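Observations on chain architecture
Here is how the chains run, residue by residue.
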Amino acid sequence: MIRAGALLCVLAGPVAAQAPDTFSLPAGCDAFVTIQSRSCSVEHHFTCAGDAEGVKRRVSLSEDGLTYAGSTDTEAQWLDSFHPFTGHSERLESSPADPASLTELLETGRDSYDFTTLSDQVGPTRYVGADTLTGEVVTIDDVTLRRTAYQITAYAADGTELWSSAGNEYVSDDWRMFIGGTGRVTVPGDAYDKNDSPVEFIFPGEPGFLSANPKHDCGVMLSQLIAPIQGEIS
């Protein structure tokens, strides 16, 4: 399996070599949707030959370039990620106490989780939280999604709370993945609101597919840019 950090290295060269408005994936990878979101972000979702069945990968870009590379499995369980702004990577522990399960969420309306990520740069981080279906079904740019409510808290190895967040996201039954929404992030001594909601879904062959340029809310200085980036896994 291609790790997120290695994937970033593979991506860096081709992206620099291509036209500035086109994002290039590595050989053996195929994108199935580009999402233009609020907060000046565009993300590309794709699969790669050689990955386990059901594994999906995502890269996110801002006006400053690549901001995130990561992967999830068929249960929408986070596997690994790389954060270019901090230079750190994370990977899921081998035996989570309570693995995230999209199947449980869709079948029962709620899924709790309790897992730890491992990082050579920042050490272990524990995540505890839950996702709940609100019962709302929404259509955004002709794509049907379920709305969720979430709450999550991240803890350092010594049990100190690093940050927490609560809000609403979306989940796609067809793609078996979560899509960003709105929320409030609380860090020691501060809190801020974020909005990663999708605006446009762009498919292969459509104008803007694999665009490297975010479109919405750009040109505005964001007061907070993923403050708890050590623990951002979505």
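All of the points below concern the structure found in this document. (Residues numbered from 1 in each chain as written. Predicted model: local features only at pLDDT ≥ 70, side-chain atom pairs only at ≥ 80, totals over all residues. Heavy atoms only, no water.)

1. As for the pattern of salt bridges
For side chains bearing opposite charge, pairing can occur when the charged atoms are close. Tallying each qualifying case throughout the model produces 11 salt bridges. Of the charged contacts, one joins R176 and E75 as a salt bridge, the two residues approaching to 3.6 Å between their closest N and O atoms. Highlighted residues: R176 in the loop between β10 (161–172) and β11 (177–187) and E75 in the loop between β4 (65–72) and β5 (78–83), separated in sequence by 101 residues. The class for R176 is partly exposed, based on a relative accessible area of 22%. According to the relative accessible area criterion, E75 is partly exposed, its value standing at 22%. E200 is paired through a salt bridge with K215; the nearest N and O atoms lie 3.0 Å apart. Of this pair, E200 sits in strand β13 (residues 198–202) while K215 sits in the segment after β13; the two residues are 15 residues apart in sequence, bridging distant segments of the chain. Under the relative-accessibility criterion, K215 is labelled partly exposed at 49%. (Salt bridge = Lys/Arg side-chain N within 4 Å of Asp/Glu carboxyl O. Helix = DSSP H or I, 4+ residues; strand = E, 2+ residues; numbered from the N terminus. Buried < 20%, exposed > 50% of the residue type's maximum accessible area, 1.4 Å probe, protein only.)

2. As for the nonpolar core
Counting residues in hydrophobic clusters, the biggest one holds 16 residues, and the most contacted among them are W78, L92, Y113, F115, Y127, I152 and W163. Taken together, the elements giving at least two residues each to this core come down to β5, β7 (110–118), β9 (143–155) and β11. The greatest single-element share of this core, amounting to three residues, is contributed by β9. Excluding residues that lie within four positions of it along the chain, L92 makes contacts with Q77, W78, L79, F115 and T116. Counting residues in each nonpolar core, the second largest holds 13 residues, with L25, F46, L66 and A212 among its members. (Core = buried A, V, L, I, M, F, W, Y, C linked by side-chain atoms within 4.5 Å. Contact = heavy atoms within 4.5 Å.)

Shape descriptors only; they carry no functional weight alone.
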